[in-house]
Amino acid sequence: MRSMTQTSYCNDLIAKSNDETLYEHTIKCIDNYNYIKREHEKRIKIGLKNFKINSDWFWEHAFISTAFHDFGKADISFQKMIRGNEMKALPHALISALEVYYNYEKEELLFDKIPLSTLCILTHHSMFKKDLFINNTSNLKSLDLCNYDKFIDLIESKFKEIFNNDLNMKNI
């Protein structure tokens, strides 16, 4: 059972310093995804064809990367930090990427080797380097996620709306 302090941090999950919620931010990001897909799909499809990448596969992974890139902000430590009550938080990009990799992408690798969505999420704030999260991984034991059912419901409904299919996430 969550303490009163944890519960108060979880009422509205804040994503941005301007108090934009995780829900609002995710909707904006999905709207941007839809714009890019609508306006640039034909040109992108040509590039994908040159690399023998299935267009449907690509757009589904682009959606997952977009929708889940800030999922880790549902962690209590991030919610405390964004409200000014803690100096540091667990790296939200790492939490988001691990969630996507283990619950979605593990069996869906590009060229059977590359976890594309996971890499996009890991690097949405930083360039990729081998020690990107070297100082933060031991703290993952303290991971304490708020209830994110509303967030998942949003993503599932948007996925169904865009792809006319159910999102197949294993354990999320």
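Further up the page is the structure itself.
Calculation rules
Residues numbered from 1 in each chain as written. Predicted model: local features only at pLDDT ≥ 70, side-chain atom pairs only at ≥ 80, totals over all residues. Heavy atoms only, no water. Patch = residues over 30% accessible without salt bridge, like charges linked within 9 Å, V, L, I, M, F, W, Y side chains within 5 Å. Areas by Shrake-Rupley, 256 points an atom, 1.4 Å probe, with all protein chains shown as cover. Salt bridge = Lys/Arg side-chain N within 4 Å of Asp/Glu carboxyl O. Helix = DSSP H or I, 4+ residues; strand = E, 2+ residues; numbered from the N terminus. Phe/Tyr/Trp six-rings, centres within 6.5 Å; stacked < 30°, edge-to-face > 60°. Lys NZ or Arg CZ within 6 Å of the ring centre and 35° of its normal. Buried < 20%, exposed > 50% of the residue type's maximum accessible area, 1.4 Å probe, protein only. Axes fitted to C-alpha atoms, helices over the stretch in contact; angles between N-to-C directions. Parallel < 35°, antiparallel > 145°, perpendicular 65-115°, else oblique. Left-handed = near helix turned anticlockwise from the far one by under 90°. Contact = heavy atoms within 4.5 Å. Expected span 1.5 Å × (residues − 1). Arc of directions from axis to C-beta.

**Student:** Before we move on, can you summarise a nonpolar patch on the surface with the specific residues and values?
**Tutor:** Residues Phe-51, Phe-111 and Ile-114 make up a contiguous nonpolar surface patch of about 310 Å² in total accessible area. Looking at where Phe-111 falls in the secondary structure, it is placed in the loop between helix H5 (92-105) and helix H6 (116-122).

**Student:** Let's hear about the packing of aromatic side chains: which residues, and what values?
**Tutor:** Within this structure, the stated rule accounts for 11 aromatic pairs. In textbook terms, an aromatic cluster arises when at least three aromatic residues are bridged by ring pairs, as seen for Tyr-33, Phe-58, Trp-59, Phe-63, Phe-159 and Phe-163. Over the ring of Tyr-23 we find Lys-150; its NZ or CZ atom is 4.5 Å from the centre of that ring.

**Student:** How would you summarise the pattern of salt bridges if you had to cite specific residues and measurements?
**Tutor:** A full pass over the atoms with the stated rule returns five salt bridges. For Lys-28, the salt bridge goes to Glu-20, with nearest N and O atoms at 2.5 Å. Residue classification places Glu-20 among the buried residues on the basis of a relative accessible area of 9%. One salt bridge connects Arg-38 with Glu-39, and the closest N-O pair in it is separated by 3.5 Å. Taking relative accessible area as the criterion, Arg-38 reaches 56% and is therefore assigned exposed.

**Student:** Which residues make up the packing of helix H2 (residues 22-50) against helix H7 (residues 149-163), and what values do they have?
**Tutor:** For the pair H2 and H7, interaxial distance at closest approach is 10 Å and the crossing angle is 15°. Our classification of the angle between H2 and H7 gives roughly parallel. Crossing of H2 against H7: the hand is right-handed. Across from Leu-22, Tyr-23, Thr-26, Ile-27, Ile-30, Tyr-33 and Asn-34 in H2, the residues of H7 making contact are Lys-150, Phe-151, Leu-154, Ile-155, Lys-158, Ile-162 and Phe-163.

**Student:** Quick one: what's the story with H7, residue by residue and with numbers?
**Tutor:** For an α-helix, the turn length of 3.6 residues means that residues three or four places apart are oriented alike. Compared with the 21 Å implied by 1.5 Å per residue over 15 residues, the 21 Å span of H7 between its first and last C-alpha is a close match. Along H7, the positions that sit buried rather than exposed are Phe-151, Ile-152, Leu-154, Ile-155, Lys-158 and Phe-159. Projected down its long axis, H7 carries its buried residues within an arc of 155°, all on one side. Opposite its buried face, H7 presents the exposed residues Lys-150 and Glu-161, each directed more than 90 degrees away. In the core, the buried residues of H7 are packed alongside H2 and helix H3 (55-68).

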